[in-house]
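# Fold and geometry: a report
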Amino acid sequence: MSHLSEIPKELADALDTFNGTTSRRDFLKSSGLFVLSFSGTGLLDTPGPDSGEASGAPENGTAAPYPEPDFRLLDSWLVVHEDSTATFYVGKTDGGQGTGTAFRQMMCDELDIAFVKSTLVMGRTDMTVDQGGSGGSDAIERDGWAVRRVAAEARRVLLEMASGRLGVPMDELAVSDGLISIPRDPSRTVTYGELVGGRRFDVMLTGSNVNATTGVASVKPVQDLKIVGQSLPRYDIPGKVDGSLEWAVDVRLPDMVHARNVRPPVAGAKRISIDESSVRDLSGFIRVVSRGNYVAVVCEREEQAIEAASRLEVQWEKPATKSFPSSEDLFDYLRNATPMSPARGRGSRTATREQGNTEQAMAAAATVVEAEYDFPFQGHTAIGPAHGLADPSDGQMTIYTNDMKPYSLRTGVAEFLDMPPEQVRVIWMDGPQLYGRTAADDAGFEAAFLAKEIGRPVRVQWMRHEETAWDTKGPAFAFTLRGGLDDEGNLIALDYRARVADYAHVGYNQPDTVLIAQLMGIRPSRPASGGASAPAEMYAIPNRRQETSVVRFPRAFETPLRTGNLRDPGGPQVTFASESFIDEMAVAANADPVEFRLRLLRASSEEDRVFMRARSIAVVEAAAEAYDWDTRPSGKAVGSDRILTGRGVAYAYRARTAIAEIAEVEVDRETGRVWVKRMVCAHDCGLVINPDGLRSTIQGNLLHGLSRALYEEVQFDTEMVTSVDWRTHPTLRHVDAPETIDIVIVNGDPEPDRPDLPPYGAGEPSHRPVAAAVANAIYDATGVRLRRAPFRAERVLAALEAAGVEGT
Amino acid sequence: MSDVTLDVNGETHTLDVDSSTPLLYVLRNDLGLRGPRFGCGLSQCGACTVLVDGVARRSCTLPVSRVDGEITTLEGLSGDGELHPVQQAWIDDQVPQCGYCQNGQILTAKALLDRNPNPTDEEIRQGMNGVLCRCMTYYRIQAAVRHAADAMAADASGSGPAREEVIR
């Protein structure tokens, strides 16, 4: 049995007895290890690049103001301690996909120290350089380069120091795990700690922006990497399993109070009056805070705030007009509405792209197929509702949050509260996984506003009904596709048209679009136009047209149907339509769906700089091989069994990552329940930093994709979202998990004479093809094409009944 | 407000709180525990799970006045630096992603294996079904429950440390 976590027991014991009277910095210095996030107040003293430990600069490295660390200083990125351990500082966050472990692996490899001798600080605006936090699956693909280069530069500087100290040219030195030696004279060595331990490097870096940060040194070639490529266990898991890790929800500060929001009962309702006497006598009541339509109650204790928020009597006036169509009428509305704004190129009149002549080719086609697909609004619906804790002590503002973008939260709050950014800092800590622009942004602003009003630290957490109803949504889409086959079954024309309900799109931490600002009446000069990208595949189709239009609802502000980035924004929706339709074309061509796709991929030899065509072919072939694909047209004969089985394939790429997936389904023709029994994913994201971490991330993507394909749908009437909990916005459960998931890591370029591929993003791409693969498998099993997600049992059963396939 | 006495992780606490207060807030805000978390306040998701006399209960809707047994939270599952086999399996299988729900997953698995030391795969799926995970780590959770059951069986049969020593 192992210890409770990777923290050595003697250190853990010491930490338990540590009560703040000793200098944490001295304590940690003597221990030679940095252990982060074990207490809220302790966090404030975690040694940083600008702290006294490394710099001799301000003794209290955490005193305000809180300027941004300078990315051009090597000391902003890493500190080497006297015992040759190192602390890395990375301006990203880890929502649970292991990017923190991956950063440590990459940086340890370049610095040449063992993984266990490193620790990592992430996402603290006063201690880590602004790398933007998380998003876009870019942690490894983009930010990995900067951190590798700075670690390589630190190694180079250390070797230079050793060369001077030992009087030996740099090229005659060797280094292993922080020990520099002279191979021809093994008696003489010097450690990293002896060279720079506890002191600053004082080395300047170059680069026009943080992503371009570099020193003089080059990163190691792939074949010299030893820690990269290993499935090292994630450092954050032990503390998540034994309850010891402190999360943003756990921070408790002296004099802290609790707040809960009181939301308008319907979208666009105007607050008329508040009867404070309805809660004034409740124990622990402190204050009702309101401005415009934003209302919150602040109490001494959390359960008191919950009680007071539920009992506060507020008079609201409903808007005179409907805010949006109901979820029942949504897709008719999208198809019939006049688009208000083109999806691409704001102000441009068209969002159409065309190659060849689609209409002419369609007219000449032997077979034309047309189909419509619908994908609903879906929520982020974090397992832990949005939360934030803000501390206004000393006229500053410190926000504890799990927001994946702490840097824009800082600047956004500073602008919102009219404070200099230097007086605001954001401390990211672990929290429920976010998958994009969630209400964590909104809660951080609310906590800061309330803390400033109350003058005490305020912790706010949304209730489940708020989280489900008011969190930003992934937008609904209505698609119309037409395809033309020639008389040999070749796809010669493809017309793709999408309508997306993305007009009330909100960005990250914008002081004029966060919910509290909108409820206060603050508005951007105009709503964001939103938009969506077109299908991402490498099919060679000579004539194709793609058009995406944004549809506006009557209500663009203060709306629970505001949209925001949700994991692989637009990807699952667009790929559901495009890859379902490719399957329909394969059926029309009487072709096997894998063969049909490979033929489209091989119909051109044109290649791009990341070899996406070759890699697309490779993942489709790898998925089919791993599944042991039975080559035949889909839509097999429906027998007399109650459980119908089938398999479906879908392929796409996202940025520079290629994915092909195969779903095997069981459809219960009596109940309509769909169970995805097996999933295969062939995945090419180039160089893999941590294979098990990648597999875990892909598994999460696949099952989250299943949840969106099978269950998730936001429901609403014309004045309010009616999905308010896990019953009205259901999610995948244990019984729905596949029996088998096979992941094939198609690692890098399949052509051996090409150079190794760098790492590409993996946090979202494999999420994208899931719904299409499942729909295609349902068609294979039942002969029934489901063109509207999600495939809930009642909808599947209705489709089976309409086709006469239900029952046995 | 009134005095409420709770036995939590082997210690007795007397607290001056309203008797209708859900147990969750007392554990988190008065006793400083981090394992049980607020997820829905509706007994729908399981993030707030605690064991009461070994039975998995939802602390978000359980008033402190109605607690009728010894409470074990995630923090109380291990003893003397030794992890419970379920926790060890969670680490070995690298189960959590964000980890917010894993308190409920681990405690529910522990209670499940206490009731049924050798569950079938279907019994694991059904037994765990009420605990939601939005990172969708179900696949790894189910494998880890199986591995924990195997480890506990091996311990009980003497091929490992005695089960009592491990679990305390």
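Residues numbered from 1 in each chain as written. Chains lettered and ligands numbered in written order. Predicted model: local features only at pLDDT ≥ 70, side-chain atom pairs only at ≥ 80, totals over all residues.

### A look at unusual backbone geometry
The step from A789(A) to P790(A) runs through a cis peptide bond, and the omega angle for that step is 0°. Here Y435(A), not a glycine, exhibits a phi torsion of approximately 60°, which is positive. According to the C-beta neighbour criterion, Y435(A) is buried, with 27 such atoms within 10 Å. Although it is not a glycine, N9(B) adopts a positive phi angle of roughly 50°. Along the polypeptide, N9(B) turns up in the loop between β1 (2-8) and β2 (11-17). (Buried ≥ 20, exposed ≤ 12 C-beta atoms within 10 Å, placed from the backbone. Helix = DSSP H or I, 4+ residues; strand = E, 2+ residues; numbered from the N terminus.)

### Overview of the domain arrangement of chain A
When cut into domains, chain A gives domain 1 (9-245), domain 2 (250-320 + 386-462), domain 3 (330-376 + 472-550) and domain 4 (589-803). Each of domain 2 of chain A and domain 4 of chain A has a C-alpha centre, and the two are 40 Å apart. (Domains from an automatic or database assignment.)

### Some details on the domain arrangement of chain B
The figure often quoted for interface size is the accessible area lost as the parts come together. Residue and element names in this part refer to chain B. Split by domain assignment, chain B resolves into domain 1 (2-76) and domain 2 (85-167). Its C-alpha centre places domain 1 at a distance of 22 Å from the equivalent point of domain 2. In this complex, domain 1 contributes 13 residues to the contact, which on the side of domain 2 involves 12 residues. Those elements that provide at least two residues to the side of domain 1 that touches domain 2 are β3 (49-52) and β4 (55-58). Counting residues per element, the side of domain 1 that touches domain 2 draws most heavily on β3, which supplies 3 residues. Split by residue class, the side of domain 1 that touches domain 2 holds 8 nonpolar, 4 polar and 1 charged. (Contact = placed C-beta atoms within 7 Å. Nonpolar A, V, L, I, M, F, W, Y, C, P; charged D, E, K, R; others polar.)

### Focus on helix α13 (residues 440-454) of chain A
Residue and element names in this part refer to chain A. For α13, which comprises 15 residues, the first-to-last C-alpha distance of 21 Å matches the rise-based estimate of 21 Å (1.5 Å per residue) to within 8%. Buried residues dominate α13, accounting for 12 of its 15 residues. Taken together, the buried positions of α13 are A440, D441, D442, A443, G444, F445, E446, A447, A448, F449, L450 and A451. Of the residues one or two after α13, G455 is the one with positive phi, at around 80°. (Expected span 1.5 Å × (residues − 1).)

### Thoughts on the pairing of β1(B)
Residues and elements named next belong to chain B. Sheet topology note: the β1/β2 ladder contains 7 bridges and is antiparallel. Considered in β2, the bridge of D7 is made with T12. Counting the residues between successive antiparallel strands, the hairpin from β1 to β2 contains 2 residues, one of them, N9, with a positive phi of roughly 50°. (Pairing = 2+ DSSP bridges.)

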